[in-house]
Amino acid sequence: MGETKGNLIIIGGAEDKKGEKKILEEIVTIAGDHDAHLIVFTTATQEPGAIGDEYKKVFSRLGVKQIDIMDINTRDEANMEEHAEQISQASGIFFTGGDQLRITSILAGTRTYEALHDAFQGGAVIAGTSAGASVMSNTMIVEGNNNDPARKCTLKMAPGFNFLDGVIIDQHFDQRGRFGRLLCGVAENPGILGIGIDEDTAIRVYADDHFKVIGNNAVTVIDGKSIKSSNVSESKPDEILTITNVTVHVLSQGYGFDLKKREVMRLH
């Protein structure tokens, strides 16, 4: 596992913005409550104005006074020192949904990217929903079939932002039937953990590499270390995946997971 200094909140998408707002409230609490300084990144979305306004309103209702919307659309913008300076002042950074490849292709390797990692190491909370969740790991799912049995070659992966090492994150998990594609990702690399996060559900990852579940649905953890065999290297493209002895945990609020020991935790 990588050295985790800050806090991560990784959301499966469609988090509650009108009711209890449990997940978004957790972000605000870690970021300093009324003293929080949040930056909302809208790079992933094609509707930055509308999405940025929506989150500004929600975070304002949660008592945050300082909220900046950062709509970076080019690598030139991402290399501007003023953005890096702004990020260094923030106590919380939030990535909206959209297209995760837009986030990585525009920001990776830039001054903004470096500033995000510096902020994280300095203790700022980094949060993301949907596409913003996928980019948190060092390898991310870019494309794959929903509601489909696990098949070889239906998954496209790309490097993520590496805030969390040794895992692949998938989001909208149960709602879009993504068990098969995450299983395929783990079969291709059994040393990593697959973490599937349902809508209106999140994991908060602590500095000691354990997470707790927040929200109203479930988090699925697929551990490939126990796999006895799979046909992922022999099967032809689109052939159904065969896999034996994979370990699966399904966790709701009140539970957590130790990413180092690979053990479920009951939290009180």
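How each quantity is defined
- Residues numbered from 1 in each chain as written.
- Predicted model: local features only at pLDDT ≥ 70, side-chain atom pairs only at ≥ 80, totals over all residues.
- Heavy atoms only, no water.
- UniProt positions renumbered as here; feature names shortened; annotations may be inferred.
- Pairing = 2+ DSSP bridges.
- Helix = DSSP H or I, 4+ residues; strand = E, 2+ residues; numbered from the N terminus.
- Axes fitted to C-alpha atoms, helices over the stretch in contact; angles between N-to-C directions.
- Parallel < 35°, antiparallel > 145°, perpendicular 65-115°, else oblique.
- Left-handed = near helix turned anticlockwise from the far one by under 90°.
- Contact = heavy atoms within 4.5 Å.

The protein chain has the name Cyanophycinase in an unreviewed UniProt entry, where Dehalobacterium formicoaceticum is given as its organism. The UniProt entry for the protein chain carries the following text under Function (unreviewed entry): "Exopeptidase that catalyzes the hydrolytic cleavage of multi-L-arginyl-poly-L-aspartic acid (cyanophycin; a water-insoluble reserve polymer) into aspartate-arginine dipeptides."

(A) Summary view of the sheet that holds strand E15 (residues 247-251). Across the sheet, four strands lie side by side as E8-E9-E12-E15; this open sheet has mixed pairing. Each having just a single partner strand, strand E8 (167-171) and E15 make up the two edges of the open sheet. Ignoring which end each strand starts from, the neighbouring axes of this sheet average 15° apart. As judged from the five bridges shared by strand E12 (residues 219-223) and E15, these two strands associate in the antiparallel manner. Note that in E15 the partner of Ile222 across the bridge is Val248.

(B) Broad picture of the packing of helix H4 (residues 81-89) against helix H6 (residues 111-121). H6 packs onto H4 with a crossing angle of 10° between their chain directions and a minimal axis gap of 9 Å. Comparing their axes, H6 and H4 come out roughly parallel. Two packed elements cross with a definite hand, and for H4 against H6 that hand is right-handed. Residues Glu81, His83, Ala84 and Ile87 of H4 pack against Arg111, Thr112, Ala115, Leu116 and Ala119 of H6.

(C) Representation of the sheet that holds strand E3 (residues 66-70). Judged by pairing direction, the sheet is mixed, and its nine strands sit side by side in the order E3-E2-E4-E5-E1-E10-E11-E16-E17 without closing on themselves. On the outer flanks of this sheet lie E3 and strand E17 (263-266), each paired with one strand and no other. If you compare each strand with its neighbour and ignore which way they point, the axes differ by 20° on average. Pairing of strand E2 (residues 37-41) with strand E4 (residues 92-95) involves four bridges; the strand directions are parallel. Bridging from a neighbouring strand, Val40 pairs with Phe94 of E4. Contacting E2, E3 and E4, H4 crosses the sheet at an angle of about 135° to E2.

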